[in-house]
Amino acid sequence: MNQQLFEIIGWIWINIALITFCILFFFKVVAPFGRHTRSDWGPVLSNSWGWFIMEIISIIGLWSGFLITGGMQSPLIAKVAMVFWTLHYINRTFIFPFRMPNKKKKMPLVIVGSAVFFNSINGTLNGIFLGQGWFYFSFPLFVAGMLLFGIGMYINIKSDNILLNLRKPGETHYVIPKGFLFKYLSSPNLFGEIIEWTGFFLMVPSVASLSFLAWTLANLVPRARDHHEWYLKTFKSYPLNKKILIPKIW
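Quick caveat, the model's predicted, so the values are computed rather than measured.

Novice: Can you explain the overall build of the protein? Please cite residues and give values.
Specialist: Along its length, the protein carries 7 helices and 2 strands. Traced from its N-terminal end to its C-terminal end, the protein shows the element sequence α-β-α-α-β-α-α-α-α. What you see for the protein is a C-alpha radius of gyration of 18 Å, in line with the 18 Å of a compact globule of 250 residues. With the C-alpha coordinates aligned to their principal axes, the bounding extent of the protein is approximately 55 × 40 × 35 Å.

Listed below in structure tokens is the structure:
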């Protein structure tokens, strides 16, 4: 495979992420799922199965790209990075979606389709780069990246647990989440996920891991802002000292 060609593809993908960020952030285009669900975005399916479909593609893409490039012969570092990525998406694919208490909530198919497209490219691109060993390695960066990934995953899962346990099965009303980093942020779960993929980039720096971090920021930063504004509009008692995504800063 031609590394230069794939790096060009990666840089194009990064630029598309920047354009997407500008559209979502500055034009305030709110993706219609979760608390922002709307009925005017076409056909829908179960929220749980929507999450499952769009997240499993990331695992499939990653391992497909890795194996077709002879990834089993790649350096041990690449295999460790594969394990970290896979662990994250095992939780996001097989555990998180089916713990959602509101089984009646729906998700537009257009959201699932766009996420499948996004995850297939990001997963496959990173699998190819890891399989070919096209990344920079520094032991201190690798260790720092692993620590950040672990911290981010802990924050993400613990925050998700708080959100998932806010309501009893069958309840559909929203309440203000409390405890842990919800004392300071409206979306610590998204904050944790950004930390995870920053750590992944440090573990195996490449155009592919940078592109995934760029897409993570492009999607989650506007999403966190939208969540914060939704809380302020929905709850008159919402704490005004809470930040959106970064403790004590924004």
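Novice: Give a detailed account of unusual backbone geometry, specifying residues and quantitative values.
Specialist: One non-glycine residue, K28, adopts positive backbone phi at about 50°. Along the chain, the position of K28 falls in the loop between α1 (3–26) and β1 (44–46). Accessibility expressed as a relative area gives 46% for K28, which makes it partly exposed. One non-glycine residue, K248, lies in the positive phi region at around 65°.

Novice: Before we move on, can you summarise the side chain of S187 with the specific residues and values?
Specialist: Mapping S187 onto the fold places it in the loop between α5 (139–164) and α6 (188–203). Residue classification places S187 among the buried positions, given a relative accessible area of 1%. The contacts of S187, once residues within four sequence positions are left out, are A224, H227, I244 and L245.

Novice: Any details on the nonpolar core? Residues and values, ideally.
Specialist: Residues W85, F129, L130, W197, F200 and V204 are the most contacted members of the largest nonpolar core, which totals 35 residues. Looking at this core, the elements that each hand over two or more residues are α1, α2 (47–68), α3 (76–95), α4 (109–132), α5, α6 and α7 (207–234). When neighbours within four sequence positions are excluded, L130 is seen to be in contact with L62, F66, S74, A78, A81, M82, F135, F200 and V204. Counting residues in hydrophobic clusters, the runner-up holds 13 residues, among them I194, I195, L220 and I244.

Novice: Can you explain the packing of aromatic side chains? Please cite residues and give values.
Specialist: In the structure shown here, the tally under the stated rule is 32 aromatic pairs. Seen in terms of ring centroids, F129 and W134 are 5.3 Å apart; in terms of plane orientation they differ by 85°. Their pairing is edge-to-face. F129 sits in the buried class, given a relative accessible area of 1%. The ring of F96 carries the charged tip of R92 above its face, separated from the ring centre by 4.2 Å. In this arrangement the basic side chain of R225 is found over the ring face of F25, its NZ or CZ atom lying 4.7 Å from the centre.

Novice: So what's going on with the pattern of salt bridges? Residues and values would help.
Specialist: Side-chain pairs of opposite charge can arise whenever the charged atoms involved come near each other. Per the stated rule, a full pass over the model turns up 4 salt bridges. Here K28 and E229 are joined by a salt bridge, their closest N and O atoms 3.4 Å apart. Here K28 is found in the loop between α1 and β1, whereas its partner E229 is found in helix α7, with 201 residues between them in sequence. Of the charged contacts in the structure, one is a salt bridge between R92 and E55, with a shortest N-O distance of 3.9 Å. Within this pair, whereas R92 is found in helix α3, its partner E55 is found in helix α2, the two being separated by 37 residues in sequence. Residues joined by salt bridges that share partners form a network here, namely E55, R92 and D160.

Novice: Tell me about the environment of Y184, and name the residues and values.
Specialist: Tracing the backbone through its elements, the reader meets Y184 in the loop between α5 and α6. C-alpha separation for the pair Y184 and I246, spaced 62 residues apart in sequence, amounts to 8.6 Å. The contact partners of Y184, leaving out residues within four places of it in the chain, are K242 and K243.

Novice: Tell me about a nonpolar patch on the surface, and name the residues and values.
Specialist: Judged by side-chain polarity, I19, I23, F26, F27 and V29 come together as a nonpolar surface patch covering roughly 530 Å² of accessible area. One can find F27 in the loop between α1 and β1.

Novice: Residues and numbers for α4, please.
Specialist: Spanning 24 residues, α4 covers 34 Å between terminal C-alpha atoms, matching the ideal 34 Å at 1.5 Å per step. Looking one or two residues past α4, G133 carries a phi angle of roughly 75°, positive in sign.

Conventions and cut-offs
- Residues numbered from 1 in each chain as written.
- Predicted model: local features only at pLDDT ≥ 70, side-chain atom pairs only at ≥ 80, totals over all residues.
- Heavy atoms only, no water.
- Helix = DSSP H or I, 4+ residues; strand = E, 2+ residues; numbered from the N terminus.
- Rg over C-alpha atoms; globule rule 2.2 N^0.38 Å.
- Buried < 20%, exposed > 50% of the residue type's maximum accessible area, 1.4 Å probe, protein only.
- Contact = heavy atoms within 4.5 Å.
- Core = buried A, V, L, I, M, F, W, Y, C linked by side-chain atoms within 4.5 Å.
- Phe/Tyr/Trp six-rings, centres within 6.5 Å; stacked < 30°, edge-to-face > 60°.
- Lys NZ or Arg CZ within 6 Å of the ring centre and 35° of its normal.
- Salt bridge = Lys/Arg side-chain N within 4 Å of Asp/Glu carboxyl O.
- Patch = residues over 30% accessible without salt bridge, like charges linked within 9 Å, V, L, I, M, F, W, Y side chains within 5 Å.
- Areas by Shrake-Rupley, 256 points an atom, 1.4 Å probe, with all protein chains shown as cover.
- Expected span 1.5 Å × (residues − 1).

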